[in-house]
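Observations on the model geometry
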Amino acid sequence: MSDETKVVDPMAPSADKWARDFAARAGVVFPFSVKVILAGVTRTGIDFLFERPSEFAAARVVMSLIDQGHEVTVKVHADNWIRVSVSIENDIVTQWEENEAADE
C-alpha cells in the first residue's frame, strides 16, 4: 500500500448519515458539521460541531443523546465552536441503516 492510499472505514459513511439523521430528529435545523472519528470494530466516535451561536441546537443533540443513554462530552473551542462527542455502538448504526432501507 502506498503512502497516498487512504484507508476508508466502511462504518464511517453510515455513521455520518446516522448522526445527521439523529440531529434532525432532535430538531436541529441550524447548519452543523459531523466528523466521524475512531470508527472501530464495535464502537464509532462521532463529533457534532456547532457554531457558538447555535448553542441551543447543540443542547438539543446533547439532551437527545443523554435521553438514549449515551455518554456525551461537550467542549467549547477557542475559535467559538462547540464540539459534542459521543461514542456509539456500531449495532445502533447498523440497525438504523436496516430501518432506513425498510422504509424506502
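This text goes with the structure placed above it.
The structure contained in this document is the topic of the report that follows. All residue numbers refer to positions counted from 1 along the written sequence of the respective chain. Totals for whole chains, interfaces and linings use all residues, but because this is a predicted model, local features are given only for residues with pLDDT of at least 70 and pairs of side-chain atoms are given and counted only at 80 or more. For the side-chain quantities, the full set of heavy atoms in the structure was used; hydrogens and water were omitted.

The next subject is the pattern of salt bridges. Only one rule defines a salt bridge in this text: a Lys or Arg side-chain nitrogen within 4 Å of an Asp or Glu carboxyl oxygen. The tally for this structure, following the rule as stated, stands at 5 salt bridges. Two residues, Arg-20 and Asp-16, come together in a salt bridge whose shortest N-O distance is 2.9 Å. With a gap of 4 residues between them, Arg-20 and Asp-16 both fall in helix 1 (residues 11–25), about one helical turn apart. Notably, a salt bridge pairs Glu-55 with Arg-52, separated by 3.7 Å at the nearest N-O pair. Residue classification places Glu-55 among the partly exposed positions, given a relative accessible area of 37%. Each of the salt bridges in this network shares a partner with another, and the network as a whole consists of Asp-21, Arg-25 and Glu-100. The way it works is that DSSP assigns letters per residue, a run of H or I at least four long becomes a helix, a run of E at least two long becomes a strand, and they are numbered from the N terminus. In this scheme, a residue with accessible area under 20% of its type's maximum is buried, one over 50% is exposed, and one in between is partly exposed, where area comes from a 1.4 Å probe on protein chains only.

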